[in-house]
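# Geometric and topological summary
Here are the chains, one letter per residue:
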Amino acid sequence: MTNSAAAEWTRSFADDPAMAVLRDSLQDEQPGSSRRALENAGASIRERFLAGESIVNLVHLRAAVIDELLIHLWRTHANYCAGVACLVAVGGYGRGELHPSSDVDIMLLLPDNLPESCEPELADFVTALWDVGLEIGHSARTVEQCFEQAQQDLTVATTLIEARLLDGPAALYEEMQTAISADRLWPPAEFFAEKRKEQIARHHRYGDTAYNLEPNVKGSPGGLRDIQVIGWVAKRHFGVETIDELVSHKFLTPGQVRRLHEGQAFLWRVRFALHILTGRREDRILFDHQINLAEMLGYEDASFTLAVEQLMQRY
C-alpha cells in the first residue's frame, strides 16, 4: 500500500462510529484513558462482527483504530522526535490488516544522528504502548540498518516491503523504501525462489495438507499465509500494491482474483471469530473451539449435517 493509498484508506474510516468512540475516550485525561479508549473501540468492533458486518471492513477498521491511537501516543510522548524520526507500521499491520488479538508490529525509523533528547521520548512512547495493553512488536533502525538487516534476512525484508508510514518525515521514509528496493537487494527471481522454499518448509510442518482435522487458519496449506505469499511475490515482481492489479498484468483472471478475495474473507471471518472466542491470538481450529466457532459464524444443525460439520466442510 503506497502512502497516498494508505492516507486515503485511513480517511475512509474517519467518520466511523468506532473511531468516534476512540476519540471520545482519548479526550478523557484521567490515568488509563488510552487503555479504555482501545477497549471501547474494540468492543464496538466485536459487536459489529457478531451482527454480521463485512469482515473486510472490520479487519481494516481495526488497523485504522490502532493507527489513530498510536499516532496520538506518538505525538503525546515523543513530540520532538516526531519531527525527526518516523513511526512506521510493518508486517500485517503495515498491510492494514488486524484481527482482535493480532500483534501490532511497528518500526521506529531513526535518522543517522538522533538527538539525545529523543532517546527518553522514544522510551516513554514504547512504555505507553505496553501500558495500553497492545501486543507490540517493535524495532528501531536507521536506513542503513534497514538495508543491512533486510539484505541478511528475508523475513526482515518482507516485513519492510509491507511498511506503511504513520507519522514523521516523509523524506526519511522514502529513503528507506529506496534502500530496500528490488534493484538494491532481493531481486524478484531470488525473492520468489526463497519464498517458495519457505512455503514448502511451512507446508511440511503442517503435513502438506489443508485437510487437517485441526487446521491452522494462518499457516496450514491453503491458509492466509499462502495468500500473503502471492501478494509479496507480486509486489516484488510487478511492483503492484494489490492483488487486483495482477489482472492488468495478465497474471490472474478477474475470476481468480474474485475467488482469492472470497477465500481470504472466509478465512478472515474464521480467524476473527477465533480471537474473539478465545480472547487471545489463536489461529488453530481446535476441536475444543469448533462447535462454538460454528455457532458464532451462524451455522445451524440440519437434517443430515451438524453445524460444525458444515463449517469444517466449507473450510
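The coordinates are above.
Summary of the structure given here. (Residues numbered from 1 in each chain as written. Predicted model: local features only at pLDDT ≥ 70, side-chain atom pairs only at ≥ 80, totals over all residues. Heavy atoms only, no water.)

Moving on to a negative patch on the surface. Together, Asp-112, Glu-144, Glu-148 and Glu-175 make up a negatively charged patch on the protein surface. With respect to the helices and strands, Glu-175 occurs in helix 9 (residues 170-179). Looking at Glu-175, the relative accessible area reads 44%, which means it is partly exposed. (Patch = residues over 30% accessible without salt bridge, like charges linked within 9 Å, V, L, I, M, F, W, Y side chains within 5 Å. Areas by Shrake-Rupley, 256 points an atom, 1.4 Å probe, with all protein chains shown as cover. Salt bridge = Lys/Arg side-chain N within 4 Å of Asp/Glu carboxyl O. Lys, Arg positive; Asp, Glu negative; His and termini not counted. Charge placed at Lys NZ, Arg CZ, Asp CG, Glu CD. Helix = DSSP H or I, 4+ residues; strand = E, 2+ residues; numbered from the N terminus. Buried < 20%, exposed > 50% of the residue type's maximum accessible area, 1.4 Å probe, protein only.)

Attention shifts here to the sheet that holds strand 2 (residues 104-110). Strand order across the open sheet formed by four strands is 3-2-1-4, with mixed pairing between neighbours. Each edge of the sheet is formed by a strand with only one pairing partner; in this case those strands are strand 3 (136-142) and strand 4 (164-167). Averaged over all pairs of adjacent strands, the angle between their axes in this sheet comes to 30 degrees, without regard to strand direction. For strand 2 and strand 3, the ladder comprises seven bridges, and the chain directions are parallel. Paired with Asp-105 across the strands is Gly-137, a residue of strand 3. Along the sheet, helix 7 (residues 143-152) contacts strand 2 and strand 3; its crossing angle with strand 3, the most-contacted strand, is approximately 110 degrees. (Pairing = 2+ DSSP bridges. Axes fitted to C-alpha atoms, helices over the stretch in contact; angles between N-to-C directions. Contact = heavy atoms within 4.5 Å.)

Within the fold, Ser-25 resides in helix 2 (residues 17-26). In terms of polar contacts, Ser-25 uses its side chain to reach the side chain of Asn-40, at 3.0 Å. (Polar contact = N/O pair within 3.5 Å; in protein donor to acceptor, adjacent residues only side chain to side chain.)

Attention shifts here to unusual backbone geometry. Phi is positive for Trp-186, which is not a glycine, with a value near 45 degrees. Residue placement: Trp-186 occurs in the loop between helix 9 and helix 10 (188-205). Judged by its relative accessible area of 11%, Trp-186 falls in the buried class.

Leu-70, Trp-74, Tyr-93, Val-104, Ile-106, Phe-125 and Leu-134 are the most contacted members of the largest nonpolar core, which has 72 residues in total. Among the elements that take part in this core, helix 4 (residues 55-77) stands out by supplying 13 residues, more than any other. The next biggest cluster of nonpolar side chains, apart from the first, holds 27 residues, and it includes Val-143, Cys-146, Ala-150 and Ile-161. (Core = buried A, V, L, I, M, F, W, Y, C linked by side-chain atoms within 4.5 Å.)

Geometric descriptors of this kind do not, in isolation, establish any biological role.
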